[in-house]
Every structure is written in structure tokens, then in C-alpha cells.
Amino acid sequence: GTFYDRILLSTYQALNHLQLGQAERARVELNRAALWQRDAVERNADRIAREQAAFAEAGKQKGYDVSATLKDQGFRQSMEQAYGPVWDKRGSVDYEVSFTSWLRGVVQMARGEASAFDQARQSFKSVAGMLGEPANAAVLEDVAMADAATRGQLPPKMVWVVLETGRAPSRKELRLDIPLFMQQVPYVGAAFPLLEFHDW
């Protein structure tokens, strides 16, 4: 499976354990999911760095400046228009699944220990950073609650309700013209995967 398959498998195993009242086993699964996320970063970081270096070197040899393309206003606008909703989830760069990190924070809060409150705060802060404004408003309340708990102000007994709508995005193809700023080849057309979100 893919990295996110592994992360979500551990996440749903944690939900199964929570359903059975096995909070400690749920915590183990969420820690495992965090390790999968770290593993994804480590395994991909070197590969991505090598590919980017090779891409820049190949462009240099053929008289192509990658930075000029990335600075081109039309190209940037096309990319932001197409990938803006995904780019807003900044944690995806590090292969972090926002729901998994949030759920880990919830389970840590439920433990009721000082060290767990700090871990919960870190998880919530990570999710708030991924979502950006205004989507992170509810998570920022969780951050404030966990922060207060680390200073001895315990939260009231509460219940978090998670609704799963069953809606998932589908993948479609997006064609983008990438400016090369080369006389012999002014641009190249390329196909990119694009997530299409549904209202039903």
C-alpha cells in the first residue's frame, strides 16, 4: 500500500479500539501512524532531493532555468487555482494526515496526564497549521484547551463528535502549459493529477 494507506489503516485500527473501549491500544495504533508519517518523510526526502537536483542539472545543460518557470505569474496562477485547496493543507508536504494527528491529540487529552496534554497540544497545533484559516478555528480551540491543561486548568468532561460523510474526492487529469523560456521550445504541455471534490 501507499504511505497514506498505512497511516489510515493504523488510524482506523485506533478507531476500532476506541469503539471497544481499549484506549491504550488506540494510543499505540496512533503512535504507529505517527511513525508511518515519519517513515514517509525519511524515505521520500532523499528521493525528492535527488530528483530535484537531477531536474535542475538537466535543465541547466539544455539552457532551461527552472526558477524562471516557477516565478512566471501565469504558471503560478494556474497552479494555485488548480491546487490551492490541497496546498492549504500544508502538512501534506510532510505526509501528515490531519485527521490522524487530530485524533492522536484527542486520545492524549483523554489520558488526563500532564505529559499527554503537551503532546495533545503539539498534535492540535500541527493540524491547525495544516488547515490554515478559517478552517482551523475549531482546532485552535483544542490548542487553547490543551495549552490551558498543561498549566493545570483541566478541561470539563466533553465528547468530540466526528462525522464521516462518506464523500471522497476523485482524481481527474489537468493539462497545464509550462513556460520554458527557451527559444526553440517556448512551453511544454503536461498532464497532472487533480483532486475533484464532490458535494454529494
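Here the structure is a predicted model, which is why all the values come from computation and not from measurement.

Visitor: Just to check I follow, could you spell out the overall build of the protein for this structure?
Guide: Looking only at helices and strands, one finds 7 helices and 2 strands in the protein. Listing every helix and strand of the protein by position from the N terminus yields α-α-α-α-α-α-α-β-β. Projected onto its principal axes, the C-alpha positions of the protein cover 65 × 35 × 35 Å. With 200 residues in all, the protein has 30% of them scored as buried. Long-range pairs, those at least 24 residues apart, make up 60% of the contacts in the protein with a sequence separation of at least 6. Accessible surface for the protein amounts to roughly 13400 Å². Of this, 55% is attributable to carbon and sulfur atoms. Taking the 24 positively charged and 25 negatively charged side chains of the protein as two groups, their mean positions are separated by 3 Å.

Visitor: Would you explain the side chain of T11 in this entry?
Guide: By the secondary structure assignment, T11 is in helix α1 (residues 3-19). With a relative accessible area of 0%, T11 lands in the buried category. A polar contact of 2.6 Å, which involves the side chain of T11, links it to the side chain of T100. Contact partners of T11, with chain neighbours within four places excluded, come to L30, A33, F99, T100 and L103.

Visitor: Hey, could you run me through helix α5 (residues 98-111) in this one?
Guide: Counting along an α-helix, one turn takes 3.6 residues, and residues three or four places apart therefore face a common direction. Here α5 contains 14 residues, and its C-alpha end-to-end distance of 20 Å stays within 8% of the 20 Å for a straight helix at 1.5 Å per residue. For α5, the elements touching its buried residues are α1, α2 (23-61), α6 (114-131) and α7 (137-150). One or two steps after α5, the chain reaches G112, where phi turns positive at roughly 75°.

Visitor: How should the confidence of the model for the protein be read in this particular structure?
Guide: Model confidence for the protein is summarised by a mean pLDDT of 84, while 92% of its residues fall at 70 or above. Across residues 87-92 the pLDDT falls below 50, and counting only partners more than four positions away or on other chains, this stretch makes 12 contacts in the model.

Visitor: Please explain the nonpolar core as it appears in this structure.
Guide: Soluble globular proteins tend to pack their nonpolar side chains together in the buried interior. With 19 residues, the main nonpolar core has W102, M109, F124 and V139 as its most contacted residues. Listing elements by their share of this core, those giving two or more residues are α2, α5, α6 and α7. Looking at this core, the element that brings in the most residues is α6, giving 6 residues. One finds V66, L176, I178 and M182 within the second-largest nonpolar core, a separate group that totals 11 residues.

Visitor: Explain the packing of aromatic side chains here, please?
Guide: The description of an aromatic ring pair uses the distance of the two centres, along with the angle that the planes make with each other. Summed over all chains, the structure comprises 2 aromatic pairs. Consider the rings of W102 and W160, whose centres lie 6.3 Å apart with planes at 90°: the pair is edge-to-face. Highlighted residues: W102 in helix α5 and W160 in the loop between α7 and β1 (170-179), separated in sequence by 58 residues. Lying over the aromatic face of F3, R6 brings its terminal NZ or CZ to 5.5 Å of the ring centre.

Visitor: Honestly, the pattern of salt bridges in this entry has me stumped. Any pointers?
Guide: If charged atoms from side chains of opposite charge come close, those side chains can pair. All told, the structure shown has 9 salt bridges when counted by the stated rule. As a salt-bridge pair, R32 and E29 come within 2.8 Å of each other at their nearest N and O atoms. Here R32 and its partner E29 are both found in helix α2, 3 residues apart, which amounts to about one turn of the helix. One connected set of salt bridges, linked through shared partners, spans D118, R121, D147 and R151.

Quick notes on the rules
Residues numbered from 1 in each chain as written. Predicted model: local features only at pLDDT ≥ 70, side-chain atom pairs only at ≥ 80, totals over all residues. Heavy atoms only, no water. Helix = DSSP H or I, 4+ residues; strand = E, 2+ residues; numbered from the N terminus. Buried < 20%, exposed > 50% of the residue type's maximum accessible area, 1.4 Å probe, protein only. Contact = heavy atoms within 4.5 Å. Areas by Shrake-Rupley, 256 points an atom, 1.4 Å probe, with all protein chains shown as cover. Lys, Arg positive; Asp, Glu negative; His and termini not counted. Charge placed at Lys NZ, Arg CZ, Asp CG, Glu CD. Polar contact = N/O pair within 3.5 Å; in protein donor to acceptor, adjacent residues only side chain to side chain. Expected span 1.5 Å × (residues − 1). pLDDT = per-residue confidence, 0-100. Core = buried A, V, L, I, M, F, W, Y, C linked by side-chain atoms within 4.5 Å. Phe/Tyr/Trp six-rings, centres within 6.5 Å; stacked < 30°, edge-to-face > 60°. Lys NZ or Arg CZ within 6 Å of the ring centre and 35° of its normal. Salt bridge = Lys/Arg side-chain N within 4 Å of Asp/Glu carboxyl O.

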